[in-house]
Amino acid sequence: MKVYAPGKLILSGEHAVVYGNPAIAMAVNRYAVATVTPERTEHVAFHLADLAHSSRLSLTGLQTLKEKIKRKYHRFIRGEYTIRQVLHKPFELAQVALGIVAESLNLSGPQGMKIQVTSDIPIGCGMGSSAATILCVMQALSQHMQMPLSREALYALALQAENLQHGRSSGLDLRIALHGGCLYVRGDEIQPRPIPTVPMFLVNTGTPQTTTGQCVEAVATHFQDTSIAAEFAIVTEAMDVALQNNDDTGFREAIAANHALLVRIGVVPQRVLTFIQRAPGVAKVCGAGAVAGDSAGAVLVVTENHLIDELAILCEEFGYTWMAITGEARGVYVE
């Protein structure tokens, strides 16, 4: 049994969504995959291939780790820690996610098992790798124990883990990975939208120097001015109308307008901005971006197929990798 959770791209409304404004996001055909198999031991063995990490912990050890990290998170809430001081190593996220769901399922005593996680979602690039990892690990354990969780129960548990990674998670990444497809999200309101049909390409500008949590902290002052939040909302609503009317021109215009707002709040490094200005078609950062350094994670390019060669040449010049992407209609699923 394998549990798949897709990555995502935010099409409009990143950052603004944290403050209750609408956003539109789409699951994409990149996945975190978890498997759980029984072992004749009293420990949980972790094999996280993409992080080159292997370790063994008892359920008691997992609970101790979870409580230790939660204490550090409370220090972050009090302003004593930065969000980067809460989780020191990327592999801790999978471990604490398992600890949270194990506690929810009231697991105790010896529970020998091996958990393997692989992913082709770029890490730290705004594509929801953390959310996908958390969800596939939690769902894999609940399936393994034959103790299924409802979507809302799974979401609530996953949000606890995501907050430890990002500080103040909007829950958007989790919603997309959970439900799949293209979604309009405003607070607790979630509505499906048609998956865009225009040719879309993902350009990886590299892992940002700053985390999502750090970016959220850095741009908070911009959202004390309600006008910028309102402008994000207007752009997102315009994209929503375009999607529902299958209006490719309106969709592209909304991408460009959203990009301009991200530049204004300072999350598009100059090198990435130069790339976007030269890219064929329209383009925008699709995650938190960055408030320092030259990289900003994932950039979505919407262009025509006959301009692919031009995009490839530009990416080679900048040293960026790129790939064609499509929307993924499925959320977390088991095969």
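Preceding this section is the structure that the text describes.
Residues numbered from 1 in each chain as written. Predicted model: local features only at pLDDT ≥ 70, side-chain atom pairs only at ≥ 80, totals over all residues. Heavy atoms only, no water.

This part is about unusual backbone geometry. Glycine aside, negative phi is the norm for most residues, and most peptide bonds take the trans geometry. For Q146, which is not a glycine, the phi torsion comes out positive at approximately 55°. Residue position: Q146 is located in the loop between α3 (129-144) and α4 (151-166). Look at Q146 and you get exposed, because its relative accessible area is 70%. Phi angles above zero are rare outside glycine, and N246 is one such case at about 55°. Positionally, N246 belongs in the loop between α7 (226-244) and α8 (248-264). (Helix = DSSP H or I, 4+ residues; strand = E, 2+ residues; numbered from the N terminus. Buried < 20%, exposed > 50% of the residue type's maximum accessible area, 1.4 Å probe, protein only.)

A word on helix α10 (residues 308-318). If you check which residues of α10 are buried, you get L311, L314, C315 and F318. Buried positions in α10, seen along its axis, are confined to an arc of 100° and lie on one side of it. With respect to the buried face of α10, the exposed residues turned more than 90 degrees away are D309, I313 and E316. The secondary structure elements touched by the buried residues of α10 are β8 (200-204), α9 (270-278), β10 (298-302) and β11 (321-325). Looking one or two residues beyond α10, the residue adopting positive phi is G319, at roughly 75°. (Arc of directions from axis to C-beta. Contact = heavy atoms within 4.5 Å.)

Another point: the packing of aromatic side chains. By the definition in use, this model includes ten aromatic pairs. Ring geometry for F275 and F318: centres 5.3 Å apart, planes at 80°, overall edge-to-face. Here F275, found in helix α9, pairs with F318, found in helix α10; they are 43 residues apart in sequence, far enough to count as distant. With respect to burial, F275 and F318 carry one shared label: buried. Both rings, one in F318 and one in Y320, keep their centres 5.5 Å apart while their planes meet at 35°; by these two values the pair is tilted. Each member of the pair, F318 as well as Y320, is classed as buried. Grouped by ring-pair contacts, the aromatic residues Y4, Y31 and Y333 constitute a single cluster. Against the face of Y155 rests R175, its NZ or CZ located 3.6 Å from the ring centre. Between R330 and the ring centre of Y333, over which it is positioned, the NZ or CZ distance is 4.0 Å. (Phe/Tyr/Trp six-rings, centres within 6.5 Å; stacked < 30°, edge-to-face > 60°. Lys NZ or Arg CZ within 6 Å of the ring centre and 35° of its normal.)

Read across the open sheet, the four strands follow the order β9-β10-β8-β11; overall the sheet is antiparallel. Both edges of this open sheet fall to β9 (282-285) and β11, since each of them pairs with a single strand only. Pairs of neighbouring strands in the sheet enclose a mean axial angle of 25°, with direction left out of account. Both β9 and β10 contribute to a ladder of four bridges, which runs antiparallel. Bridging from a neighbouring strand, A283 pairs with V301 of β10. (Pairing = 2+ DSSP bridges. Axes fitted to C-alpha atoms, helices over the stretch in contact; angles between N-to-C directions.)

This paragraph deals with the side chain of S129. Tracing the chain through its elements places S129 in helix α3. Here S129 falls in the buried class, since its relative accessible area comes to 11%.

Since one α-helical turn is 3.6 residues long, residues separated by three or four positions face the same way. Here α3 is 16 residues long and its end C-alpha atoms lie 22 Å apart, about the 22 Å a rise of 1.5 Å per residue gives. The buried fraction of α3 is high, at 14 of 16 residues. One or two residues past the end of α3 sits Q146, with phi positive at roughly 55°. (Expected span 1.5 Å × (residues − 1).)

Right, let's talk about the packing of helix α2 (residues 91-104) against α3 for a bit. Packed helices, taken two at a time, are described by the angle their axes make and the gap between the axes. Where α2 contacts α3, the two axes come as close as 9 Å, and the packing angle between them is 40°. With respect to their mutual orientation, α2 and α3 come out oblique. Seen along the crossing, α2 lies across α3 with a hand that is right-handed. Counting all contacts with α2, which are made through L93, A94, A97, L98, I100, V101 and A102, the residues of α3 involved are S130, T133, I134, V137, M138 and L141. The class makeup of the residues in the contact of α2 with α3 is eleven nonpolar, two polar and no charged. (Parallel < 35°, antiparallel > 145°, perpendicular 65-115°, else oblique. Left-handed = near helix turned anticlockwise from the far one by under 90°. Nonpolar A, V, L, I, M, F, W, Y, C, P; charged D, E, K, R; others polar.)

Further remarks concern the pattern of salt bridges. Here the structure, examined in full by the defined rule, presents 15 salt bridges. Residue R56 is joined to E39 by a salt bridge in which the shortest nitrogen-to-oxygen separation is 3.3 Å. With R56 in strand β4 (residues 53-57) and E39 in the loop between β2 (23-38) and β3 (44-48), the pair connects residues that are 17 residues apart, well separated along the chain. Exposure remark for E39: the relative accessible area of 23% places this residue in the partly exposed category. Where D240 meets R193, a salt bridge forms, and the shortest distance between an N and an O atom there is 2.3 Å. Highlighted residues: D240 in helix α7 and R193 in strand β7 (residues 189-193), separated in sequence by 47 residues. For D240, a relative accessible area of 5% corresponds to the buried category. In this structure R193 comes out as buried when scored by relative accessible area, which is 13%. In the salt-bridge network here, residues are joined through shared partners; they are K66, E67 and E103. (Salt bridge = Lys/Arg side-chain N within 4 Å of Asp/Glu carboxyl O.)

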